[in-house]
Amino acid sequence: MAGDRAEEEEGEAPPPEARAAAAVERVAAAVEAVAAGAGAGAGAGEYRNAYRRQLLALSRRIRLLGPFVEELRERRRGEGEGEEEERALAPLAAALEAALALLRLGREGSRISLVLERDSVMKKFQGVILQLEQALCDIPYNELDISDEVREQVELVHAQLKRAKERIDMPDDEFYNDLLSVYDKNYDPSAELAILGRLSEKLHLMTITDLTQESLALHEMVASGGGQDPGEHIEKMSMLLKKIKDFVQTQNPDMGPPMASRVLDSNGDSRPITIPDEFRCPISLELMKDPVIVSTGQTYERACIEKWIASGHHTCPTTQQKMSTSALTPNYVLRSLISQWCETNGMEPPKRSTQPNKPTPACSSSERANIDALLSKLCSPDTEEQRSAAAELRLLAKRNANNRICIAEAGAIPLLLSLLSSSDLRTQEHAVTALLNLSIHEDNKASIISSGAVPSIVHVLKNGSMEARENAAATLFSLSVIDEYKVTIGGMGAIPALVVLLGEGSQRGKKDAAAALFNLCIYQGNKGRAIRAGLVPLIMGLVTNPTGALMDEAMAILSILSSHPEGKAAIGAAEPVPVLVEMIGSGTPRNRENAAAVMLHLCSGEHHLVHLARAQECGIMVPLRELALNGTDRGKRKAVQLLERMSRFLVQQQEEQESQSQASAQVPPQATPEQVPENDIPEQLDSPASQYPMVV
């Protein structure tokens, strides 16, 4: 019946009055959209490309039709001849909609592409102008009851369009030739800087924000399949944009970051903050939320590289190498470093956008039957069957991503969780390891957490065999890469158990525990739990371990904990300064920067003078100066801040010494005890014990 009704409705033409009303609304909507776009885009500043003059002229002429639209709408409230009105206004509506599309392209399209395709773009301009001019030529003003004043304004627009139709206003030839020469790589290398300077200025690509918008526009072309030869065309334009970006940043090293990259300081004032290049997606130039690694080893924001691949590209955007596979591997380490950097700089860690459910490859019927049979065995009262089924699921989940998806979809997660409390330690070990393998797939993490898995995993972490405990720690690490799960895991007793494993596990177990603790301690609320669980003494033991085992992990955790007041106190109590000074002087680049970060926190705390004095004794100035010159970007910043604190401390120390010397020279000789008159001695004295510590 629904289909029959649809056919009947499709067969009936709407009455003339309805068609006329629709035409009026189409005209009005297009004019209002142009006016709204001009207002939202700050008028003259919205078209920042080679066609700015032409686009502004077109926008201005359309906005002059505003009073005409108002009178059309006013007339529609009365009665009129629908057919004539619809016949006159339908072509105008179509012309205005074409103009609106062209203006939108000028506002949102790639600035580089607009110039390279100037012949096509100018044809669009000419087509739109011709269409508008012809539509306005046939307007029956008398029949539409348009006032003389508004008619004069519309005729003015018509006259302007008629003149514009007769001349071609092409963009700057030098501009076009400059862009084409860099695009095709046929320019004199000695002239490259001059050409790039002209291009960045004329394309209005002078700030990170401009460059980011252009990069997004280019890759939006990829996503929409635009361009005659999207593969080579987009790649060449991306390389051209990279050249302009490198030129602009070389000319202006202090170029401001995107407007969104601002934080509030202690006074509540907004301040810009520079995002490290390694945290930016090479495609969008923005801080990555969900970094993933492609087969060439390059890291991109997941959404950006997925659009690139979905558009038929098989090369890496950065290296231009062919990608052997389209598989994307989450870059957990970089994601954790980005979260840590955000917290250190007072920024909200980026939230990964929720990915829409994507169709996943289904298991074959035989594979699904095998998985279902294994799940039936998990429910068996026979311990042997449970153990063998858990072991086989563990291996299947380890094998490939399709298996992980199919096993989870078959309902294995709740059944495996029920086995974590099994009295058979081997069954428990297989079950927790199967969950670890399943958790590698992003979608399965949410299923594991929502099934209430954390308390059961923590139970295994505390009571299982050593291998089960280690794999439980690895499972918590895998789950904790999601920011909101850090809170859940930390609140359910996982941290003390991880600290215990860090102290007594095998080398692999300690590494898994350290990785999980690092992830969890990125969340501020978990730092206190870790400190109270005794993590700092263990970490200091690893830092001073002569074998250097887990040194990188230990320094990373120490850097995170030093930003917490309790952590700062616990680290300070462990006499860390000599070790940290040595690390600043001779550690790996990452460990040097972490050691400098810890020292900086200690030297800004309650006992900062003690730590500054100890650092001076240990000779910190020389390694600090070297780090400030040759360290990582973060290491340089920390070293410079520490040098400033040390310099102020040394100046203050010298001033105090000079003040004491002057005071000693001015104080008169003190009377000996025999010279003090008896009546000058007070009758009662406070106990010296209340003022001075007793030396024993």
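Residues numbered from 1 in each chain as written. Predicted model: local features only at pLDDT ≥ 70, side-chain atom pairs only at ≥ 80, totals over all residues. Heavy atoms only, no water.

An unreviewed UniProt entry annotates the protein chain as RING-type E3 ubiquitin transferase originating from Oryza glaberrima.

1. A look at the overall build of the protein chain
What the protein chain contains, in helices and strands, is 34 helices and five strands. Out of the 696 residues in the protein chain, the part that is buried amounts to 45%. Sequence-distant contacts in the protein chain: of pairs separated by 6 or more residues, those separated by 24 or more amount to 70%. Summed over its atoms, the accessible surface of the protein chain is roughly 35300 Å², and 52% of this surface lies on carbon and sulfur atoms. (Helix = DSSP H or I, 4+ residues; strand = E, 2+ residues; numbered from the N terminus. Buried < 20%, exposed > 50% of the residue type's maximum accessible area, 1.4 Å probe, protein only. Contact = heavy atoms within 4.5 Å. Areas by Shrake-Rupley, 256 points an atom, 1.4 Å probe, with all protein chains shown as cover.)

2. As for unusual backbone geometry
What is expected of a backbone is that most residues other than glycine have negative phi and most peptide bonds are trans. Positive phi values are uncommon outside glycine, yet Leu550 reaches one of about 60°. Within the fold, Leu550 resides in the loop between α27 (535-543) and α28 (551-561). Even without being a glycine, Glu575 presents a positive backbone phi close to 50°. Inspection of the secondary structure puts Glu575 in the loop between α29 (565-573) and α30 (577-586). Glu575 sits in the exposed class, given a relative accessible area of 55%.

3. Some details on the sheet that holds strand β3 (residues 291-293)
Read across the open sheet, the three strands follow the order β4-β3-β5; overall the sheet is antiparallel. Whereas interior strands pair on both sides, the edge strands pair on one side only; in this sheet they are β4 (299-301) and β5 (329-330). Here two bridges tie β3 to β5, and the two strands are oriented antiparallel to one another. By the bridge assignment for β5, Ile293 is matched with Thr329. Lying on the sheet, helix α13 (residues 302-310) is in contact with β3, β4 and β5; it crosses β4 at an angle near 95°. (Pairing = 2+ DSSP bridges. Axes fitted to C-alpha atoms, helices over the stretch in contact; angles between N-to-C directions.)

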